[in-house]
Amino acid sequence: YGQEATSVLDSLGKVATLPGESLEGTFAKADQVFPTLAARAGLDPSQSAKTLQDWKDGVRFNRARDDLNRIRRDPGSLEAFSKRLEDGGDLYGTLAPERRTVLLKEVESRLWQIQQGQQHAADKHERIAERAVAAITRQIEAGVPVSVEAWQDLRSKVEGTASAADFNALVNQEREVQQVL
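Residues numbered from 1 in each chain as written. Predicted model: local features only at pLDDT ≥ 70, side-chain atom pairs only at ≥ 80, totals over all residues. Heavy atoms only, no water.

## Some words on the environment of Arg99
Looking at where Arg99 falls in the secondary structure, it is placed in helix H5 (residues 97-141). Assessed through its relative accessible area of 30%, Arg99 is described here as partly exposed. Taking the C-alpha atoms as reference points, Arg99 and Arg60, separated by 39 residues in sequence, lie 9.9 Å from one another. (Helix = DSSP H or I, 4+ residues; strand = E, 2+ residues; numbered from the N terminus. Buried < 20%, exposed > 50% of the residue type's maximum accessible area, 1.4 Å probe, protein only.)

## So, the side chain of Ser48
As for its position among the elements, Ser48 is in helix H3 (residues 45-70). Of the residues examined, Ser48 reaches a relative accessible area of 7% and is grouped as buried. Residue contacts for Ser48: discarding those within four places in its chain leaves Phe34, Pro35 and Ala38. (Contact = heavy atoms within 4.5 Å.)

## What about the packing of aromatic side chains?
For the structure on display, the rule yields two aromatic pairs. Centroid distance Phe27 to Trp55: 5.7 Å. Interplanar angle 70°. Geometry classified as edge-to-face. Of this pair, Phe27 sits in helix H2 (residues 23-40) while Trp55 sits in helix H3, placing them 28 residues apart in sequence. You can call Phe27 buried: its relative accessible area is 3%. Taking the relative accessible area as the measure of exposure, Trp55 reaches 13% and is therefore buried. (Phe/Tyr/Trp six-rings, centres within 6.5 Å; stacked < 30°, edge-to-face > 60°.)

What follows is the structure in structure tokens.
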């Protein structure tokens, strides 16, 4: 019977991780079934209660971790999840402090990774813009007319970068050079 009691908790734990499944409903089923099966197996009632509570804590943690994994790429959702773990949040009183800390560290790590990825992309965009401006500048200095397509390409590359301010200056410089030639 001990194996049967454990098996029931395992099955209910799998059900609890399903999206949309009510944790309280699953816990109610466990509260209803597990003590009877544990008593039949001859387990001490205090040990049975501890096993059931440990199982509930594990299920809550797994559900929270699954929630975190679903939102791992969304900074706004990660911030909201972090608030759920803090004092006053719905997960604050239901998760053990060490488990909350694990989840908070994971949130911080994921936010840092997102920030680093965004910074890398911005730096890459800046380097591309700088190279494009340098190439157009060399072309203007050489006296070679810049095509409309090249201007459009440059505009798209410098848009949203520090080099965007150079775009109009380059257009004027190219006009002046072409007038002189």
